[in-house]
Amino acid sequence: MRKEYDTYIFDLDGTLLDTLTDLAASCNYALQQHGMPQRTIDEVRQFVGNGVKKLMERAIPDGLANAQFNAVYQCFRQHYLEHGLDHTSPYPGVLQMLAELKRRKKNIAVVSNKFYKATQELCRHFFDQYVEVTIGEREGISKKPAPDTVLEALAQLGVTAENAVYIGDSDVDVATAKNCNMPCISVLWGFRDKDFLLRSGATTLIRTPEELVV
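What you see is a predicted model; the values in this text were computed from it and never measured.

Thresholds applied
Residues numbered from 1 in each chain as written. Predicted model: local features only at pLDDT ≥ 70, side-chain atom pairs only at ≥ 80, totals over all residues. Heavy atoms only, no water. Helix = DSSP H or I, 4+ residues; strand = E, 2+ residues; numbered from the N terminus. Buried < 20%, exposed > 50% of the residue type's maximum accessible area, 1.4 Å probe, protein only. Contact = heavy atoms within 4.5 Å. Phe/Tyr/Trp six-rings, centres within 6.5 Å; stacked < 30°, edge-to-face > 60°. Pairing = 2+ DSSP bridges. Lys, Arg positive; Asp, Glu negative; His and termini not counted. Salt bridge = Lys/Arg side-chain N within 4 Å of Asp/Glu carboxyl O. Polar contact = N/O pair within 3.5 Å; in protein donor to acceptor, adjacent residues only side chain to side chain.

A. Region of interest: the overall build of the protein. Scanning the protein from N- to C-terminus turns up nine helices and eight strands. Viewed in the frame of its principal axes, the protein has a C-alpha envelope of about 55 × 35 × 30 Å. Here the protein holds 214 residues, and the buried ones make up 52% of them. Here the analysis covers contacts within the protein between residues at least 6 apart in sequence; of these, 65% occur between residues at least 24 apart.

B. Up close: the packing of aromatic side chains. Enumeration according to the criterion identifies five aromatic pairs in this entry. Centre to centre, the rings of Tyr80 and Phe115 are 6.3 Å apart; their planes meet at 65 degrees, and the pair counts as edge-to-face. Taken together, the residues span a long stretch of sequence, with Tyr80 in helix H4 (residues 69-83) and Phe115 in strand E4 (residues 107-115) at a distance of 35 residues. Ring geometry for Phe126 against Phe127: centres 6.0 Å apart, planes inclined by 45 degrees, an arrangement best described as tilted. For Phe126, a relative accessible area of 17% translates into the label buried. A relative accessible area of 0% means that Phe127 is categorised as buried. Here the aromatic residues Phe76, Tyr80 and Phe115 are joined through ring pairs into a cluster of three or more.

C. Broad picture of the sheet that holds E4. Spatially, six strands are ordered E5-E4-E1-E6-E7-E8 in an open sheet, and the strand pairing comes out parallel. Lying at the two open borders of the sheet, with one neighbouring strand each, are strand E5 (133-137) and strand E8 (205-206). Where strand E1 (residues 7-10) and strand E6 (residues 164-168) come together, four bridges link them in parallel fashion. Bridged to Ile9 within E6 is Tyr166.

D. The side chain of Asp169, seen in detail. Positionally, Asp169 belongs in the loop between E6 and helix H8 (171-179). One buried charged side chain, Asp169, makes no salt bridge at all; its nearest oppositely charged neighbour is Arg192, positioned 5.8 Å away. From its side chain, Asp169 meets the backbone nitrogen of Phe191 in a polar contact 2.9 Å long. Contact partners of Asp169, with chain neighbours within four places excluded, come to Asp11, Asp13, Gly14, Thr15, Val187, Gly190, Phe191, Arg192 and Leu197.

E. Seen up close, the pattern of salt bridges. Per the stated rule, a full pass over the model turns up 11 salt bridges. Among the salt bridges present, the one from Arg39 reaches Glu43, with a minimum N-O distance of 3.1 Å. Residues Arg138 and Glu152 are paired through a salt bridge, measuring 4.0 Å at the closest nitrogen-oxygen approach. Pair noted here: Arg138 is in the loop between E5 and helix H7 (148-157) and Glu152 is in helix H7, with a separation of 14 residues, a long-range link.

F. Representation of the environment of Glu132 within the structure. Relative to the assigned elements, Glu132 resides in the loop between helix H6 (116-127) and E5. Separated by 23 residues in the primary sequence, Glu132 and Ala109 place their C-alpha atoms 5.8 Å from one another. Apart from residues no more than four positions distant in its own chain, Glu132 is found in contact with Lys102, Lys106, Asn107, Ile108 and Leu157.

G. Molecular detail of the side chain of Asp173. Structurally, Asp173 can be placed in helix H8. Separated by 3.0 Å, the side chain of Asp173 and the backbone nitrogen of Asp169 make a polar contact. Leaving out residues up to four positions away in the same chain, Asp173 has contacts with Asp11, Lys144, Tyr166, Gly168 and Cys184.

Spelled out as structure tokens, the structure:
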């Protein structure tokens, strides 16, 4: 029997939602519009995890030093806001897992490094009946792996980190949980593989969403 917690804080991309195809499409659209080389799905998979600005910094030749960086980044943001739902969907078993947590009256929040508006829209579209608090990247608050956004989510839920767990798919998520003094459950269906997660300090791994509620 897996330990039950009172509060479940989830990462979004690679944990609840498979967003990779849409992120790659918007990335490549912005690159193409500015005459830059395209990136493969696998490259984009490695670029995500630290927010979309860092994604584009990694995708654009010379990153922030590129004179066109801001124009390409804004092009990406606009395209993604319009096309972020084209291919994105919850991973198999995610909705059933969230429904079971809700049935058990657990506190549920999503904390993402994705920019605020997109995080809000995706969670409203897919998880409105399950997720009570949604936090995305915004000005004035440090993004993961800093603990700030997770602590903000706990405050909005009206709970403490006691008997709370953080669930994510990346090294950023492992570090975030550690910085919040919370246990971390790492998922194996997301953007990083088992060996990478173990090298990053992951201690508890699950292969399917169902394992969270058995």
